[in-house]
Amino acid sequence: MKTYEFCAPCLIGVESIAAGEFRRLGFENVRCEDGRVYFTGGDDTLARANICSRYCERILIRLASFPADNFDLLFDGVRQIAWEDYLAPGMAFPVKGYSLRSKLTSIPACQRIIKKAAAERLMSKRHTAWLEESGPAARIQFSLIRDRADIFLDTTGTPLFKRGWRTEGGVAPIRETLAAAMVDLSRFRGDMHFLDPLCGSGTIAIEAALKARRRAPGIERRFDAQCFPFVNPAVWSAAREEARAGEMPSPAVIEARDIDPACIRRAEANARRAGVADMIRFSVADVTKSDLSAFRGVLVTNPPYGERLSDRESVHALARGLGRALGSLDGKSVYVITPDPEFESFFGHRANRKRWLYNGMMKCSLYMYFPAKASAHVHA
Ligand SMILES: C[S@@+](CC[C@H](N)C(=O)[O-])C[C@H]1O[C@@H](n2cnc3c(N)ncnc32)[C@H](O)[C@@H]1O
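Residues numbered from 1 in each chain as written. Predicted model: local features only at pLDDT ≥ 70, side-chain atom pairs only at ≥ 80, totals over all residues. Heavy atoms only, no water.

A.B. asks: It is not clear to me how the sheet that holds strand β1 (residues 4-9) should be interpreted in this structure. Could you clarify?
C.D. replies: In a beta sheet, neighbouring strands pair by backbone hydrogen bonds and run either parallel or antiparallel. The seven strands are arranged β2-β3-β1-β4-β7-β6-β5 in an open sheet whose pairing can be described as mixed. Both edges of this open sheet fall to β2 (28-33) and β5 (95-100), since each of them pairs with a single strand only. Shown here is a sheet whose adjacent strand axes are inclined to one another by a mean of 30°, direction ignored. Across the sheet, helix α1 (residues 15-24) lies against β1, β2 and β3 (36-41), angled at about 175° from β2, the strand it touches most. Here helix α2 (residues 43-52) sits on the sheet and contacts β1, β3 and β4 (60-67); the angle it forms with β3, its principal contact strand, is near 145°. (Pairing = 2+ DSSP bridges. Helix = DSSP H or I, 4+ residues; strand = E, 2+ residues; numbered from the N terminus. Axes fitted to C-alpha atoms, helices over the stretch in contact; angles between N-to-C directions. Contact = heavy atoms within 4.5 Å.)

Structure, rendered in structure tokens:
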């Protein structure tokens with residue numbers, strides 16, 4: 001079986017979590033850099049990575065990496081790739097990418113050069129002057145970083161955070177991959193009480209339930225590489241069977257609450273589609289009027305951010321209300337993601353640790369409160 005070098009882009013801050021998952025899956029040569037995790041393996045690794053990865057955005061095969069500070073070098077490097085091995089006749093091959101700190105800055109121009117080089121190679125190998133592109137797509141991605149070009153083939157297609165169950169998002173839903181990373185950081189195990197009191201469309205609670213049940217996030221969806229001619233079709237059913245065999249019942253008590261009944265209806269529908277509705281108790285509740293002092297377990301949540309000044313006041317009132325509802329943090333693990341630098345003073349407790357995480361393009365902190373050590377009180 002041929003060995004490939006894979007590159008899995010992820011949100012900044014999530015790299016080590018994603019690398020840990022790939023190591024647990026037994027992948028080889030796992031290493032990470034900012035926003036990317038690399039590993040090696042064959043077709044079976046390609047299928048398992050797509051089906052099992054909870055934290056990455058897509059799985060790419062790195063086809064080439066070479067210096068390219070001008071269009072000639074970019075063209076030559078791309079033309080050397082054996083595209084005829086990767087693209088079947090009739091396949092479409094759109095090109096996307098980005099450039100950072102490089103001399104080649106025009107993305108449309110780079111796209112044209114890469115497309116032209118791949119097309120010329122295919123036409124010369126196939127002895128034709130015309131390429132039909134009416135078939136399934138194999139998306140080419142490129143990055144130019146400090147004048148070095150990396151050329152990738154995207155095996156995923158629709159990004160991995162689109163698990164297929166969140167058809168109803170509501171306002172400001174968090175990305176599923178980020179929700180999964182927060183659940184991982186909270187050290188939630190399937191035998192604990194879990195609560196998201198500001199659940200919106202239910203993403204965090206649903207990711208907690210999927211993890212507790214050990215359900216692979218991509219088990220129900222399709223991937224572009226299922227149409228790739230060089231991937232043995234048998235690897236997909238083998239990877240899905242292996243993932244199904246790893247599922248287990250979970251005694252976890254998972255609760256998802258929100259002040260808005262429409263959010264709770266959406267969250268319930270999403271949980272049904274994800275196949276975990278039986279694991280989650282949904283209820284309408286205003287957290288600022290709740291008494292969570294007796295709660296023992298893991299609370300992971302994503303409060304509204306409030307970009308305008310007037311919104312910021314209600315965001316601070318909500319942080320204060322959440323702190324009051326919880327009272328003492330003894331016996332509670334609390335994880336709150338927010339870009340608000342003043343969160344701790346309104347919540348009333350200094351975090352045991354903070355970790356940078358990006359919610360899309362927004363730099364946020366995950367405020368982490370551990371149950372063992374009583375955290376210091378702070379007052380706004
Ligand atoms: C940023 S959204 C959460 C998004 C969620 N993580 C998702 O993926 O859909 C914040 C949620 O807090 C809810 N909320 C605001 N104030 C609340 C309160 N006092 N009690 C309970 N929920 C509240 C809002 O209705 C909204 O759904």
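Now, onward.
A.B. asks: For this particular structure, what's the right way to read the sheet that holds strand β11 (residues 297-301)?
C.D. replies: Pairing within the open sheet is mixed, and its seven strands lie in the order β10-β9-β8-β11-β12-β14-β13. Taken across any chain shown, the strands that pair with only one partner, and hence form the sheet edges, are β10 (280-284) and β13 (353-359). Adjacent strand axes in the sheet meet at a mean angle of 20°, parallel and antiparallel pairs treated alike. Note that β13 and strand β14 (residues 362-369) share seven bridges and pair antiparallel. Among the inter-strand pairings, R353 is bridged to a residue of β14, identified as M368. On the sheet, helix α9 (residues 261-274) packs against β9 (253-258) and β10 and is oriented at approximately 165° with respect to β10.

A.B. asks: Just to check I follow, could you spell out the pairing of strand β8 (residues 193-196) for this structure?
C.D. replies: The two faces of a sheet get side chains in turn, since along a regular strand they alternate between them. As defined by bridge partners, β8 adjoins β9 across four bridges and the pair is classed as parallel. Bridge pairing in β9 links H193 to V253. Note: β8 against β11, two bridges, orientation parallel. Residue pairing in the sheet places L195 in a bridge with L299 of β11.

A.B. asks: Before we go on, may I ask you to explain the site of the ligand in this structure?
C.D. replies: Close to the ligand lie 21 residues; S201, T203, D258, D286 and N302 are nearest. Within the backbone of V287, one N or O atom sits 2.9 Å away from a nitrogen atom of the ligand. The fraction of the free accessible surface of the ligand (610 Å²) that becomes covered by protein chains is 88%. (Near = heavy atom within 4 Å. Polar contact = N/O pair within 3.5 Å; in protein donor to acceptor, adjacent residues only side chain to side chain. Areas by Shrake-Rupley, 256 points an atom, 1.4 Å probe, with all protein chains shown as cover.)

A.B. asks: Looking at this model, I keep getting lost on the packing of aromatic side chains. Mind explaining?
C.D. replies: The relation between two aromatic rings is expressed through the spacing of the ring centres and the mutual angle of the planes. Enumeration over the complete set of coordinates arrives at 13 aromatic pairs. Aromatic pair Y86 and F230: ring centres 5.1 Å apart, planes at 90°, arrangement edge-to-face. Of this pair, Y86 sits in helix α4 (residues 83-86) while F230 sits in the loop between α7 (203-212) and α8 (234-245), and the two are 144 residues apart along the sequence. In terms of burial, Y86 and F230 fall into one category: buried. On the basis of an interplanar angle of 55° and a centroid distance of 5.2 Å, the ring pair of F347 and Y369 is categorised as tilted. (Phe/Tyr/Trp six-rings, centres within 6.5 Å; stacked < 30°, edge-to-face > 60°. Buried < 20%, exposed > 50% of the residue type's maximum accessible area, 1.4 Å probe, protein only.)

A.B. asks: What is the right way to read the pairing of strand β7 (residues 148-154) from this model?
C.D. replies: Burial runs high along β7: six of the seven residues are buried. For β4 and β7, the ladder comprises seven bridges, and the chain directions are antiparallel. Paired with A64 across the strands is I151, a residue of β7. Judged from the seven bridges that link them, strand β6 (residues 139-145) and β7 form a sheet pairing that is antiparallel. Within the sheet, the bridge partner assigned to F142 lies in β7 and is I151. Adjacent in sequence and paired antiparallel, β6 and β7 are bridged by two residues, among which R146 carries a positive phi angle near 45°.

A.B. asks: Is there a simple way to explain α1 in this structure?
C.D. replies: Counting buried positions along α1 yields seven of ten residues, so the element is predominantly enclosed. Of the positions making up α1, those classed as buried are E15, I17, A18, A19, G20, E21 and F22. Phi turns positive, to about 85°, at G26, one or two residues after α1.

A.B. asks: What is the right way to look at the domain arrangement of the chain in this model?
C.D. replies: It is common to report an interface's size as the accessible area lost on association of the parts. Along its sequence, the chain is organised into domain 1 (4-154) and domain 2 (176-217 + 250-369). The straight-line distance from the C-alpha centre of domain 1 to that of domain 2 is 35 Å. Contact with domain 1, which involves 14 residues of that partner, is made by 17 residues of domain 2. Where domain 1 abuts domain 2, roughly 1,200 Å² becomes buried across the two surfaces, and 59% of that area is made up of carbon and sulfur atoms. For the pair domain 1 and domain 2, the number of links is zero salt bridges. Between domain 1 and domain 2 we count six residue pairs in polar contact (both at pLDDT 80 or more) in total. (Domains from an automatic or database assignment. Buried area = accessible area lost by both parts, 1.4 Å probe. Salt bridge = Lys/Arg side-chain N within 4 Å of Asp/Glu carboxyl O.)

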